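# Coordinates in review
One letter stands for each residue in the lines below.
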Amino acid sequence: MPIITYRQALNDTLGEELKRDPNVLLMGEEIGVFQGSYRITEGLLQEYGPKRVVDTPIAEEGFVGVAIGAAMLGLRPVVEIMTINFILVAIDQVVNHASKIHYMFGGQVRVPLVIRTPSGGTGQLGATHSQSFENWFAYCPGLKVVAPATPYDAKGLLRAAIRDDDPVMFIESLALYDTKGDVPEDDDFVVPIGVAEVKRTGTDVTVISYSRMTAVAMQVAQRMANEGISVEVVDLRSLRPLDRPTIIASVKKTNRAVVIAEDWYSYGVTAEIAATIQEEAFDYLDAPVQRVAGIETPLPYAKDLSAASKPSAHSLIYAIRKVME
Amino acid sequence: MVKEANVVYPSLVDEDANELRHYYYQMLLLRRFEERTGEMYVKAKIGGYCHLNLGEEATIVGLMAALKAEDYIFTNYRDHGYVLARGTPPGPIMAELFGKETGVSGGRGGSMHLFDAERHFMGGYAIVGGQVPLAVGAAYALRYQEKSGVVVAQMGDATTNIGAFYESLNLAKLWKCPVLFFIVNNGYGMGTSVAMGSSEPDLWKKGASFRIHGEQIDGTDVLAVRDACRRLRDYAEREADPVILDMVSFRFRGHSVIDSDRYRNPEFVRKGRQEHDPVRNFATLLHEHAIIDDAWLKATADQVEQEIQQAIDFANASSDPKIEDLYQFMYATEVANTPGPEDALAAVKINRGEV
Ligand SMILES: Cc1ncc(C[n+]2csc(CCOP(=O)(O)OP(=O)(O)O)c2C)c(N)n1
Ligand SMILES: [Mg+2]
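Residues numbered from 1 in each chain as written. Chains lettered and ligands numbered in written order. Predicted model: local features only at pLDDT ≥ 70, side-chain atom pairs only at ≥ 80, totals over all residues. Heavy atoms only, no water.

We apply this condition: UniProt positions are given in the numbering used here, feature names are shortened, and annotations may be inferred rather than shown by experiment.
Going by what an unreviewed UniProt entry lists, chain A is known as Alpha-ketoacid dehydrogenase subunit beta and is assigned to Candidatus Chloroploca mongolica. Within the UniProt record for chain A, the comment given under Cofactor (unreviewed entry) is "thiamine diphosphate".

Now the structure itself:
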């Protein structure tokens, strides 16, 4: 399998799907002439032309709605929202329309739409440009929400999302774009939506995470192995549908769990996972489930405060030690 | 580049020479502040996203010359020049860009989120269009409280394509709010030209269906900007009626300091900077009218250089916000079950691996 970056995996998949299906089209701000704010769509306008790669004005509510309407008539739009922060001006279209149309109209029409967007943030992006909102969408029945951590999953899940007949939120991460990994070349390789993966097997404690935090968990697991603690890493990959059986099977085996996510602590993804574990594996737990998440303030800009506000390898190690006590 | 309301100044006889020199000084201050800011970013003194006002100096200085102390200003994230020209000292502005406690937002906001309550600078906002309804709301409050003054809703050209802009136009007209919808038309929103993003490229016409008067002004001519702003500011205040100003200028560099600007033809950029440089053009005009000479220009440049160096020194010497103050501004008033300084220290220690 060739080793490529997460960015390249996305770029390749978008190109291949544009080639495969004439109803697939890309839409978003700065995806064409500018080549993508984070270069995910680089070269695609040149190759597929402006009918397939559509530069939009800054009008998220409008073009997300347009994409939903177009999907209702059989197009398969893949919308890029520059970062998840900007989807808030379009959230009505996603939550009140895209997620409801198939169910509310008795299954008469499908909405085969993908919205791709990077979530979270490292560096000093500041209060309005660093947020994690995937849990807002995962909360919403009718949407599918995926968040790959590796180039392999990025490719497999993006292809699955584009070929899926329901609206899919495809959550990326700025910090993962340059990471590398194996990616299969098979044209029909997909990663199924709604299925988690045990990315590393272990016996002492299960760490549950997704997206960038899975990358952090994998590094930490390696480090803990040197200290004699065997960490199993469950990568959720999908937040909705949530693969509860995989989480529970792992926790029943290790008897300890730490959940880590980049969003704010209260009402975040980690709360859902922890609740699931206590409901379905309470009798198997040797210690309370530990949660690691973002500090609850608007992210301060100042360098040190900013860095210290996000969950890190350090905070994960702290939680693992605590659950092992 | 400007089609309407293009004022030509055959003579500067009615002008106060000291005021003209002051405009030049302010424009140079903005120019050099931004150029040095770009350098500081490269040196990693500044992080996150950072957008410069290069090429927009006349638009900003002309606006500020027309505003009164009681007026309020809301801008987008490209905000450094507005705060500077409104009179905030360069030190606390640079300190904010450096993320220091002495910064205008206490190091919490950064480049895109400057604020100066005392000078009625009501913030730089980084979600496109977000500031526009806020400005209408401020004007609403002025009217409600029967106060004088107007509110500036500054935005970029591409921001006139977002829904919040149109809702704001309607509300401002409907509710008689004295707002200057101040469009800084630098020709681009990131890599999207005005023509690419807007079905009506004459942005000053965008108020037509709301019955809002609009004008296009040469945003590189500080006197044209000042005069249009004075006239329309007074109109807006007197009639309690919003107006649109479409200030045309040329964006000197990429969208932000990390944008390499590869989508614009280098020759187009070179020519644009050559022909539409508000600072140099104004210097030429003042020179021609014998209002300034080379010695004055040199002295002014030296003074500006020194002021900015002092601002950088001030920022460098300032402390970072304290860890225990992480939750300091969470709520305006105390409330139960909310973390405080001790919780901040404990949480940060864990994230940094210090426990
Ligand atoms: C709602 C929203 N969508 C997208 C962005 C990303 N973005 C930041 S600035 C910008 C371009 C704005 O252009 P313009 O209004 O012309 O202002 P300029 O930057 O030229 O001053 C874009 C697309 C954002 N900040 N907010
Ligand atoms: Mg612009």
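## What about the interface of chain A and chain B?
Heads up, the rule is: Contacts between residues were defined by any pair of non-hydrogen atoms, one from each residue, lying within 4.5 Å. Two parts placed together each lose some accessible area under a 1.4 Å probe, and the buried area is that loss summed for both. Criterion for a salt bridge: a side-chain nitrogen of Lys or Arg within 4 Å of a carboxyl oxygen of Asp or Glu.
With 41 residues of chain A at the contact, the number on the chain B side is 44 residues. Counting the surface lost from both chain A and chain B, the interface buries some 3400 Å², and carbon and sulfur atoms represent 66% of this. Counting the surface chain A buries against chain B, the share from its top three residues, Ile58(A), Tyr301(A) and Leu305(A), is 21%. One can count one salt bridge joining chain A with chain B.

## Comments concerning helix 9 (residues 244-254) of chain A
All names here are of chain A. This is how it is decided: Only protein chains enter the accessibility calculation, which uses a 1.4 Å probe. A residue is then buried if its area is under 20% of the maximum for its type, exposed if over 50%, and partly exposed in between. By definition, any uninterrupted DSSP run of H or I lasting at least four residues is a helix, any uninterrupted run of E lasting at least two residues is a strand, and each is numbered from the N terminus.
Of all the residues in helix 9, the buried ones are Thr246, Ile247, Ile248, Ser250, Val251 and Thr254. The inward-facing, buried residues of helix 9 contact strand 9 (197-200), strand 10 (205-209), strand 11 (231-235), strand 13 (257-264) and helix 10 (269-281). In the stretch just after helix 9, asparagine 255 is the one whose phi turns positive, near 70 degrees.

## Quick word on the domain arrangement of chain B
For the record, the criterion: Segmentation into domains, and thus their bounds, comes from an automatic or database assignment.
You can read the domains of chain B as domain 1 (10-321) and domain 2 (323-355). Computed over C-alpha atoms only, the centres of domain 1 of chain B and domain 2 of chain B are separated by 36 Å.

## Observations regarding the environment of Asp204(A)
Residue and element names in this part refer to chain A. Residue position: aspartate 204 is located in the loop between strand 9 and strand 10. Taking relative accessible area as the criterion, aspartate 204 reaches 22% and is therefore assigned partly exposed. Note: C-alpha distance between aspartate 204 and valine 79 (125 residues apart in sequence) is 41 Å. Setting aside anything within four residues of it in sequence, one finds aspartate 204 in contact with Gly228, Ile229, Ser230, Thr254, Arg256 and Met324.

## Topic: the pairing of strand 10 of chain A
Residue and element names in this part refer to chain A. To be explicit about the condition: Strands were regarded as paired on the criterion that DSSP finds at least two bridges between them. Looking down the strands as they point away from you, a crossover is right-handed if its path from the first strand over the helix to the second goes clockwise.
In terms of residue burial, strand 10 counts as a mostly covered element, since five of its five residues are buried. Burial along strand 10 is two-sided: Val205, Val207 and Ser209 facing one way and Thr206 and Ile208 facing the other are all buried. Of the pairings in the sheet, the one linking strand 10 to strand 11 comprises five bridges and is parallel in character. When the sheet's bridge partners are listed, isoleucine 208 is paired in strand 11 with valine 234. Viewed along the sheet, the connection from strand 10 through helix 8 (residues 212-226) into strand 11 turns out right-handed. In terms of strand pairing, strand 10 meets strand 13 through three bridges, oriented parallel. Counted as the bridge partner of threonine 206 is alanine 257 from strand 13.

## Describing the sheet that holds strand 9 of chain A
Residues and elements named next belong to chain A. Rule in force here: Fitted lines through C-alpha atoms give the axes, limited to the stretch in contact for helices. The angle between two N-to-C directions lies from 0 to 180 degrees.
Strand order in the open sheet made by the five strands is 9-11-10-13-14, with mixed pairing throughout. A strand with exactly one partner marks an edge of an open sheet, and here the two such strands are strand 9 and strand 14 (290-294). On average, adjacent strands in this sheet sit at an angle of 25 degrees to one another, irrespective of strand direction. Pairing between strand 9 and strand 11: three bridges, direction antiparallel. Within strand 11, the position partnered with arginine 200 by the bridge is valine 233.

## Topic: the coordination of the magnesium ion (ligand 2)
Residues and elements named next belong to chain B. Selection criterion: The donor set covers N, O and S atoms within 2.8 Å of the metal, switching to 3.2 Å for Na, K and Ca, and it leaves out water, so a site may look short of donors.
All of the protein donors around the magnesium ion (ligand 2) are Asp157 (OD), Asn186 (OD1) and Tyr188 (O); their distances to the metal are 2.1 to 2.2 Å. Mapped onto the polypeptide sequence, the residues donating to the magnesium ion (ligand 2) form the spacing pattern D-x28-N-x1-Y. For the residue pair asparagine 186 and tyrosine 188, the accessibility class agrees, reading buried in each case.

## Quick word on the sheet that holds strand 2 (residues 121-125) of chain B
All names here are of chain B. Taken in spatial order, the six strands make up an open sheet running 2-1-3-4-8-7, and their pairing is parallel. What marks the edges here is a single partner per strand, and that holds for strand 2 and strand 7 (213-218). Ignoring which end each strand starts from, the neighbouring axes of this sheet average 15 degrees apart. With six bridges connecting them, strand 3 (residues 151-156) and strand 4 (residues 179-185) associate as parallel partners. Counted as the bridge partner of valine 151 is valine 179 from strand 4. Set on the sheet, helix 6 (residues 163-174) makes contact with strand 3, strand 4 and strand 8 (243-248); between it and strand 4 the angle comes to about 150 degrees. Across the face of the sheet, helix 8 (residues 222-239) comes into contact with strand 4, strand 7 and strand 8 while running at roughly 165 degrees to strand 7.

## Quick notes on the site of ligand 1
Rule in force here: The nearness test applies per residue and asks whether one of its heavy atoms lies within 4 Å of the molecule or strand. In the analysis that follows, any N or O atom pair within 3.5 Å is treated as a polar contact, provided that within protein one partner can donate a hydrogen and the other can accept it, and provided that, for residues neighboring in sequence, both atoms belong to side chains. The Shrake-Rupley method, run with a 1.4 Å probe sphere, supplies the accessible areas, and residue values consider only the shown protein chains as cover. Residues are grouped as follows: Ala, Val, Leu, Ile, Met, Phe, Trp, Tyr, Cys and Pro are nonpolar; Asp, Glu, Lys and Arg are charged; every other residue, Gly included, is polar.
Close to ligand 1 lie 20 residues; Glu60(A), Tyr77(B), Arg78(B), Ala126(B) and Thr159(B) are nearest. Each of chains A and B places residues next to ligand 1. His255(B) places a polar side-chain atom, nitrogen or oxygen, 3.4 Å from an oxygen atom of ligand 1. When isolated, ligand 1 has an accessible area of 590 Å², and the protein chains bury 97% of it. For the shell around ligand 1, the class distribution of residues is ten nonpolar, six polar and four charged.

## Details of the domain arrangement of chain A
All names here are of chain A. Along its sequence, chain A is organised into domain 1 (3-182) and domain 2 (197-323). For domain 1 and domain 2, the distance between their C-alpha centres works out to 26 Å. Tallying the contact residues gives 31 residues for domain 1 and 26 residues for domain 2. Taking both sides of the interface into account, the surface hidden between domain 1 and domain 2 amounts to around 2100 Å²; carbon and sulfur atoms contribute 54%. Connecting domain 1 to domain 2 are two salt bridges. Inspection of the region where domain 1 meets domain 2 yields 15 residue pairs in polar contact (both at pLDDT 80 or more). Mapped by element, the contributors of at least two residues to the side of domain 1 that touches domain 2 are helix 6 (134-138), strand 6 (144-146), helix 7 (151-163) and strand 7 (168-173). Taken together, the residues of the side of domain 1 that touches domain 2 sort by class into 15 nonpolar, twelve polar and four charged.

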